[in-house]
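What follows is the residue order along each chain.
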Amino acid sequence: MAKEKILIIIPAYNEEANIRNVILSLKKQDADFTCLVVNDGSKDNTQKEAESTGLATVIQLPSNLGIGGAVQTGFKYALYNNYDYAIQFDGDGQHLPSEIPKILEPLYKQECDSCIGSRFVVKTDGFQSTFMRRVGIRFFEFLNNLLIKQKITDSTSGFRAYNKQAIAFLAAHYPTDYPEPETIILLGKNNFTIKEVSVEMQERQGGHSSISGLKSAHYMIKVSLAILMTAQRAQLRR
Amino acid sequence: MQESLDFLIQNRIQVFSIIGSATLIVFILKLIKRKKLKEEYSLLWLGCGITFFLVSLFKPLLELVAQTLGIIYAPAALLLVLIIGAFFILIQFSVVISKLSESNKNLTQEIGILKAEIKNLEQKSKEQS
């Protein structure tokens, strides 16, 4: 059997400060995988910084689609190039490459279709996020339990691994903005199994978080609406 | 002559709305003819224009509508018809915009992937030669 192909999808918007280190730290891992940076129409030097490493394939989107559109580009790339697994990995240095094997393992063992690296399964020493964000995350946990009967504690984590079936599905259906909590419902609703494993995360090393201040109210309302609507829709497969 | 002039003066709002809706219908048809407006998106406009034209033309029809809805001043029902029509058209706009942004997103993604693919192929052919 041929070796399994693994794609690391790194969405990046104005991440010139971090992207280089993220790629270098990923490539320090022994695991054999392809790094795909999806430059989501950045206005800074993200493109050059990523290309200069010579270690990553860089896709440059002509305009800014938002994180969901960028990650979905990665799924499409994975689908077209026949990858077996895809890992979503943030371009801001929040996720640790050393934790990748942890979220891949349940997929290797075929325990689930998708695995989320979570900060909350057991208390870890690393970065735990702000108070308000944790309140929001609790609320999504409640919704997840209610709507798809799967207990997911860290809905907003963008550190995830997917198998081939999930890749093909998400290449066709993926939410555009604030996709993380919605994707859980989307996958659950369509009979994909989701597992959570505990991982450590770091605080951002530079740049700005995509969600802050008034935006968080918009975030909560938009995501809650999207989640409820996704749960109402007919199944798309199986 | 005097009679019809009196009628016009007494029913100014009716005259205005007849002229207005007729102008709208003609304007929309002209836009379609000049291909500035797609037939698909003109249907709601034409529907609204024709409805408005009919209720303006036949006063009893408007009075019936007003009475059914409990509106005392009949021309106010005219406004209601107008607002409902405008609402539907605006909702249609939102639907069309959503559709456009979805296809726009798909195009953007495919272009990004294709560009990376081209770069990849160029590099390979350079290495070979």
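Heads up: these notes are all about the structure in this document. Since the structure is predicted, the reported quantities are computational estimates derived from the model, not experimental observations. (Residues numbered from 1 in each chain as written. Chains lettered and ligands numbered in written order. Predicted model: local features only at pLDDT ≥ 70, side-chain atom pairs only at ≥ 80, totals over all residues. Heavy atoms only, no water.)

Brief notes about the packing of helix 5 (residues 131-148) of chain A against helix 8 (residues 214-232) of chain A
All names here are of chain A.
Next, step 1: The geometry of helix 5 relative to helix 8 is characterised by a closest axis approach of 11 Å and an angle of 5 degrees between their N-to-C directions. Considered as vectors, helix 5 and helix 8 are oriented roughly parallel to each other. On the side of helix 5, the interface is formed by Gly136, Phe139, Phe140, Leu143 and Leu147, while helix 8 contributes Tyr219, Met220, Val223, Ser224, Ile227, Leu228 and Ala231. (Axes fitted to C-alpha atoms, helices over the stretch in contact; angles between N-to-C directions. Helix = DSSP H or I, 4+ residues; strand = E, 2+ residues; numbered from the N terminus. Parallel < 35°, antiparallel > 145°, perpendicular 65-115°, else oblique. Contact = heavy atoms within 4.5 Å.)

Points about the pattern of salt bridges
Residues and elements named next belong to chain A.
Next, step 1: Evaluated as defined, the whole model comprises 10 salt bridges over all chains.
Next, step 2: Ionic pairing is found between Arg138 and Glu141, a salt bridge with its closest N-O pair at 3.9 Å. Of this pair, Arg138 and Glu141 both sit in helix 5, 3 residues apart, which is roughly one turn of that helix.
Next, step 3: Judged by relative accessible area, which is 60%, Arg138 ranks as exposed.
Next, step 4: On the basis of relative accessibility, which here comes to 11%, the residue Glu141 falls in the buried class.
Next, step 5: With a shortest N-O distance of 2.8 Å, Lys151 and Glu141 are connected by a salt bridge. Within this pair, whereas Lys151 is found in the loop between helix 5 and strand 6 (160-162), its partner Glu141 is found in helix 5, the two being separated by 10 residues in sequence.
Next, step 6: Its relative accessible area of 54% is what places Lys151 among the exposed residues.
Next, step 7: Through salt bridges that share partners, Arg138, Glu141 and Lys151 make up one connected network. (Salt bridge = Lys/Arg side-chain N within 4 Å of Asp/Glu carboxyl O. Buried < 20%, exposed > 50% of the residue type's maximum accessible area, 1.4 Å probe, protein only.)

With respect to the sheet that holds strand 6 of chain A
Residue and element names in this part refer to chain A.
Next, step 1: Spatial ordering of the open sheet is given by 3-2-1-4-6-5-7, a layout of 7 strands whose pairing is mixed. Since the sheet does not close on itself, it has two edges, and those belong to strand 3 (56-60) and strand 7 (194-198), each with one partner. Strand after strand, the sheet turns through a mean of 20 degrees between neighbouring axes, direction not considered.
Next, step 2: Of the pairings in the sheet, the one linking strand 1 (residues 6-12) to strand 2 (residues 34-39) comprises 6 bridges and is parallel in character. Bridge pairing in strand 2 links Ala12 to Asn39.
Next, step 3: Against the sheet, helix 1 (residues 19-28) engages strand 1, strand 2 and strand 3, with an angle of about 165 degrees to strand 1. (Pairing = 2+ DSSP bridges.)

Some thoughts on the side chain of Glu180 of chain A
Next, step 1: Note that Glu180 of chain A resides in helix 7 (residues 179-189).
Next, step 2: The side chain of Glu180 of chain A sits in the buried core without any salt bridge; Arg160 of chain A is the nearest counter-charge, 6.1 Å away. (Lys, Arg positive; Asp, Glu negative; His and termini not counted.)

A few points about helix 6 (residues 164-172) of chain A
Each α-helix winds once per 3.6 residues, and so residues spaced three or four apart point in a common direction.
Next, step 1: Along helix 6 of chain A, the residues that are buried comprise Ala166, Ile167, Phe169, Leu170 and Ala171 of chain A.
Next, step 2: Along its buried surface, helix 6 of chain A packs onto helix 3 (67-80), strand 4 (85-88), strand 6 and helix 7 of chain A.

Observations concerning the packing of aromatic side chains
All names here are of chain A.
Next, step 1: Scanning the model with the defined rule gives 9 aromatic pairs over all chains in all.
Next, step 2: A centroid spacing of 5.4 Å and a plane angle of 90 degrees characterise the contact between Tyr85 and Tyr108, whose relative ring orientation is edge-to-face. Highlighted residues: Tyr85 in strand 4 and Tyr108 in helix 4 (residues 100-108), separated in sequence by 23 residues.
Next, step 3: Here Tyr108 falls in the partly exposed class, since its relative accessible area comes to 40%.
Next, step 4: Seen from their ring centres, Phe139 and Phe140 are 5.9 Å apart, and the 45 degrees between their planes marks the pair as tilted.
Next, step 5: Feature note: the residues Phe139, Phe140, Tyr178 and Tyr219 constitute an aromatic cluster, connected by ring pairs. (Phe/Tyr/Trp six-rings, centres within 6.5 Å; stacked < 30°, edge-to-face > 60°.)

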